[in-house]
Amino acid sequence: AGCCRRPASALKDPTSPRRALLWVVSTQLSDRAAEQRAQAQQLVEWVDGIIQEHKAGGEKVGVLVCGDFSASPLAPCSSYGVLSSAEGWVDLWKSQGSWFGQATYPAGCAPRCGSRLDHVFAVQREGLAKIRCESIRVLGTASARCPVIADVALDTAEASV
C-alpha cells in the first residue's frame, strides 16, 4: 500500500545487468517546530519502508532526500535534528560541502550570509547502494530561496544483490 508506488525494476529481467535503483525524494516541511519534527519522523519511517520493500524484493536501492526542511543545521530540536540523527542519514553538506557559501535563505543575501534551510541527505547503510557526493553548492537566487545543486553518483559496483 502506501502513498507511492515504486518504479518498475530492470532487476526483474534476468537478462538485464544488475543495477541499483535511486530514489530521489523531495519535500517541504512545516516551519512550525513540533509539526516539522513530526513530519521529519514520518519521512524517516516512509523512507525506511521503501528500503525494506526493495530489500524484500532482493533489490539494492539508494535514497536521496532533499528539500526545504525549514530548519538550520544549528537547530537541534528541529527536522534537521531528527533527520541527522536517524540511522545512516548523511548530510551531504557535512560530507562534501563547506560552511562557507551554503546559505539558502533569504535569497537577497544568500549564499554568503543567512541560513541553510534547504538540505540534501543520502541514506548510507549496510546493504544499500553507495551514494557518492562529488560536489554540492548553492546557486544564485531563484525566488525566496537559493537552489542547491548536488552532483552525486550511485556506486553501481557495490550494487550487486
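Residues numbered from 1 in each chain as written. Predicted model: local features only at pLDDT ≥ 70, side-chain atom pairs only at ≥ 80, totals over all residues. Heavy atoms only, no water.

**Regarding the nonpolar core**
Inside soluble globular proteins, nonpolar side chains tend to come together where they are buried. Judged by nonpolar contacts, the single largest core of 23 residues is most densely connected at V47, V63, V65, L83 and W89. Going through the elements one at a time, β1 (21-28), α1 (33-56), β2 (61-68), α2 (79-85) and β4 (118-123) are the ones with two or more residues in this core. Among the elements that line this core, the one with the most residues is α1, at 6 residues. The contact partners of L83, leaving out residues within four places of it in the chain, are A40, L43, V44, F69, W89 and F121. By size, the runner-up hydrophobic cluster in this structure holds 11 residues, among which are L92, W93, A122 and I136. (Core = buried A, V, L, I, M, F, W, Y, C linked by side-chain atoms within 4.5 Å. Buried < 20%, exposed > 50% of the residue type's maximum accessible area, 1.4 Å probe, protein only. Helix = DSSP H or I, 4+ residues; strand = E, 2+ residues; numbered from the N terminus. Contact = heavy atoms within 4.5 Å.)

**What to know about the pairing of β4**
Within β4, 6 of the 6 residues are buried, which leaves it mostly tucked inside the rest of the structure. Taking every second residue as pointing to the same face, both faces of β4 are buried, with D118, V120 and A122 on one and H119, F121 and V123 on the other. The pairing of β2 with β4 spans 6 bridges and is classified as antiparallel. For C66, the partnering residue across the bridge sits in β4 and is V120. Where strand β3 (residues 89-91) and β4 come together, 3 bridges link them in antiparallel fashion. Each residue of the ladder has a partner; that of W89, found in β4, is V123. (Pairing = 2+ DSSP bridges.)

**So, α1**
Given 3.6 residues to a turn, an α-helix orients residues that are three or four positions apart in the same direction. With 24 residues, α1 extends 35 Å from end C-alpha to end C-alpha; this agrees with the ideal 34 Å at 1.5 Å per step. Buried-residue contacts for α1 involve β1, β2, α2, β3 and β4. (Expected span 1.5 Å × (residues − 1).)

**Some thoughts on the sheet that holds β3**
Strand order across the open sheet formed by 4 strands is β1-β2-β4-β3, with mixed pairing between neighbours. The open sheet has two edge strands with one neighbour each: β1 and β3. The average undirected angle you get between the axes of adjacent strands in this sheet is 25 degrees. Running at roughly 165 degrees to β1, α1 makes contact with β1, β2, β3 and β4 of the sheet. (Axes fitted to C-alpha atoms, helices over the stretch in contact; angles between N-to-C directions.)

**Looking at the environment of S95**
Residue position: S95 is located in helix α3 (residues 92-96). Relative accessible area serves as the criterion here: at 43%, S95 is assigned to the partly exposed category. As a C-alpha pair, S95 and E134 span 39 residues in sequence and 9.9 Å in three-dimensional space.

Honestly, it's all geometry; don't read function into it.
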